[in-house]
Amino acid sequence: FPVTIKRVILEELEKELKGWKIPGTTTRPKKSTGYGRSVAFGFIRKRALKPGISRYNLLKPDLWNALKTFANSTNFEWDSIQVNQNCVCNKHKDRNNTGDSYLVSLGDYTGGELVIEDTPYDCNMKPIIFNGAELEYWNNEFTGNKWSIILFKTSIPNNFKKDAREGESPVFGRVE
């Protein structure tokens, strides 16, 4: 599972993240998936609408560029980037993801281990790749300020598959 990454890229990304508080409207309710603040960049599902580009790509261009720099340094195939701020996720699987996810956490915190199928992993500046669509996972409580960055591929909802074309997502893999 664990992989390596250039620490300097993560440190630059952390500086960008510290300058932004995810809007309150994106707070996760505790009783469902967990609690904390969460937003997606890149190619995203939009409830009953056709999947498309996140508005945050345009609203936060400096952060979007820092996220792309990080994501492109991983050589991991992705089209979406989930940014979580101080999130504690309940046990779940990612039903809208396709294949593996790449997760790394940043910040000044203690605890908060990622737990995959009852095995805890320290992801603080230590990326991990796992299939969140197949493996049940969650993270432990923590103290401090924690950011988690998750790279993944978004599935196209069945009601839009007939309209989807090969390579429709403009952000698969490495994005310029």
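Residues numbered from 1 in each chain as written. Predicted model: local features only at pLDDT ≥ 70, side-chain atom pairs only at ≥ 80, totals over all residues. Heavy atoms only, no water.

## Quick look at the pairing of strand 5 (residues 97-111)
Look at any regular strand and the pattern is simple: side chains alternate between the two faces of the sheet.
Next, step 1: Both strand 5 and strand 10 (residues 142-154) contribute to a ladder of 12 bridges, which runs antiparallel. By the bridge assignment, Thr98 is partnered in strand 10 with Lys153.
Next, step 2: Looking at chain direction, strand 5 and strand 8 (residues 128-130) are connected through three bridges and run antiparallel. From the neighbouring strand, Ser101 faces strand 8, where its bridge partner is Phe130. (Pairing = 2+ DSSP bridges. Helix = DSSP H or I, 4+ residues; strand = E, 2+ residues; numbered from the N terminus.)

## A closer look at the sheet that holds strand 9 (residues 137-139)
Next, step 1: Ordered by their spatial adjacency, three strands build an open sheet running 7-6-9, and the pairing between neighbours is antiparallel. Bordering the open sheet on either side are strand 7 (119-121) and strand 9, each of which pairs with just one other strand. Strand-to-strand, the axes of this sheet are offset by a mean angle of 25°, without reference to chain direction.
Next, step 2: Where strand 6 (residues 114-116) meets strand 7, three bridges bridge the pair, whose relative direction is antiparallel. Pairing of Ile116 across the sheet is with Thr119, part of strand 7. (Axes fitted to C-alpha atoms, helices over the stretch in contact; angles between N-to-C directions.)

## Quick word on helix 1 (residues 7-18)
Next, step 1: Here helix 1 is 12 residues long and its end C-alpha atoms lie 16 Å apart, about the 16 Å a rise of 1.5 Å per residue gives.
Next, step 2: For helix 1, the complete set of buried residues consists of Ile9, Leu10, Leu13, Glu14 and Leu17. Relative to the axis of helix 1, the buried residues are bounded by an arc of 140° and lie together on one face. Residues Val8 and Lys15 are exposed on helix 1 and point more than 90 degrees away from its buried face.
Next, step 3: Here the buried face of helix 1 lies against helix 3 (61-73), strand 4 (80-89), strand 5 and strand 10. (Expected span 1.5 Å × (residues − 1). Buried < 20%, exposed > 50% of the residue type's maximum accessible area, 1.4 Å probe, protein only. Arc of directions from axis to C-beta. Contact = heavy atoms within 4.5 Å.)

## Focus: the nonpolar core
Next, step 1: Counting 26 residues, the largest nonpolar core has Leu13, Phe41, Phe70, Ile81, Val83 and Ile149 as the members making the most contacts within it.
Next, step 2: Of all elements in the fold, only helix 1, strand 2 (34-46), helix 3, strand 4, strand 5 and strand 10 reach the threshold of two or more residues within this core.
Next, step 3: The leading source of residues in this core is helix 3, at six residues.
Next, step 4: Beyond its immediate sequence surroundings of up to four residues, Ile149 is in contact with Leu13, Leu17, Leu67, Phe70, Ile81, Gln82, Val83, Tyr102, Leu103, Val104 and Leu106. (Core = buried A, V, L, I, M, F, W, Y, C linked by side-chain atoms within 4.5 Å.)

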